[in-house]
Amino acid sequence: MIRHIVFFTARDPKDLGEIRAGLETLGTIPYSTHFEVGENLHADTLTGAEVDFVVYVEFENEADLAAYKAHPVYEEAIRRVRPLREMRIAADVIAG
């Protein structure tokens, strides 16, 4: 199983709703076995990181992850969210 984890920070807090809406469209893409968008509670005061959203997706294999990233909805989500975000950090890891 592959875990796809992406952290996002908004440029402007007024755009949080639009960023979330754009990220949630990713859940309509087939190929994943689990999809969620979560808003950071900002409970960790040690790092100083101000991540606003986390996208967490699971895939059976790398081919499904590649198909997800090649889907037109993925491109549309990037088009919507990229101008509104300050930071994006992604990691794809093999579970186990």
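Conventions we followed
Just so you know, the residues in each chain are numbered from 1, in the order the chain's sequence is written. Only residues with pLDDT of at least 70 get local features here, since the model is predicted, and only at 80 or more are side-chain atom pairs given and counted; chain-wide, interface and lining totals rely on the full set of residues. Excluded from the side-chain calculations are hydrogens and water; all other atoms, namely the structure's heavy atoms, are used. Going along the chain from the N terminus, every DSSP run of H or I of four or more residues is numbered as a helix, and every run of E of two or more is numbered as a strand. Our radius of gyration looks at C-alpha atoms and nothing else; its globule reference is 2.2 Å times the residue count to the power 0.38. Any two residues whose heavy atoms approach within 4.5 Å at even a single point are treated as in contact. Every accessible area reported is derived by Shrake-Rupley at a probe size of 1.4 Å, with residue values counting cover from the shown protein chains alone. His is not counted, nor are the chain ends; Lys and Arg add positive charge and Asp and Glu add negative charge. Just so you know, the charge point we use is NZ for Lys, CZ for Arg, CG for Asp and CD for Glu. Any Lys or Arg side-chain nitrogen located within 4 Å of an Asp or Glu carboxyl oxygen qualifies as a salt bridge. The rule is simple: take the accessible area with a 1.4 Å probe, protein chains only, and divide by the maximum for that residue type; under 20% is buried, over 50% is exposed, in between is partly exposed. Between rings of Phe, Tyr and Trp, where Trp is taken as its six-membered ring, a pair exists when centres lie within 6.5 Å; planes separated by under 30 degrees are stacked, by over 60 edge-to-face, and by other angles tilted.

Description of the overall build of the protein
Within the protein, the secondary structure is distributed over 3 helices and 4 strands. Secondary structure elements in the protein, listed N-terminal to C-terminal, are β-α-β-β-α-α-β. Expected size for 96 residues packed as a compact globule is a radius of gyration near 12 Å; at 13 Å, the protein falls within 12% of this value. Counting only contacts in the protein whose residues sit at least 6 apart along the sequence, the fraction spanning at least 24 positions is 74%. Accessible surface, the protein as shown: approximately 5,700 Å² in total, 55% of it carbon and sulfur. When the 10 positive and 17 negative side-chain charges of the protein are each reduced to one mean point, those points stand 6 Å apart.

Some details on the pattern of salt bridges
Applying the stated rule across the entire model yields 7 salt bridges. With a closest N to O distance of 3.6 Å, Glu86 and Arg11 form a salt bridge. Note that Glu86 is positioned in strand E4 (residues 85-94) and Arg11 in the loop between strand E1 (2-10) and helix H1 (16-24), a separation of 75 residues in sequence. The exposure class of Glu86 is partly exposed, given its relative accessible area of 49%. The class of Arg11 is exposed, set by a relative accessible area of 51%. By sharing partners, the salt bridges in this structure join Arg20, Glu24 and Glu39 into a single network.

Brief notes about the packing of aromatic side chains
This structure, assessed with the given rule, holds 2 aromatic pairs. Both rings, one in Tyr68 and one in Tyr74, keep their centres 5.5 Å apart while their planes meet at 65°; by these two values the pair is edge-to-face. Take Tyr68: its relative accessible area is 0%, and that puts it in the buried class. Note on Tyr74: relative accessible area 10%, which makes it buried. Three or more aromatic residues joined by ring pairs form one cluster here, namely Phe59, Tyr68 and Tyr74.

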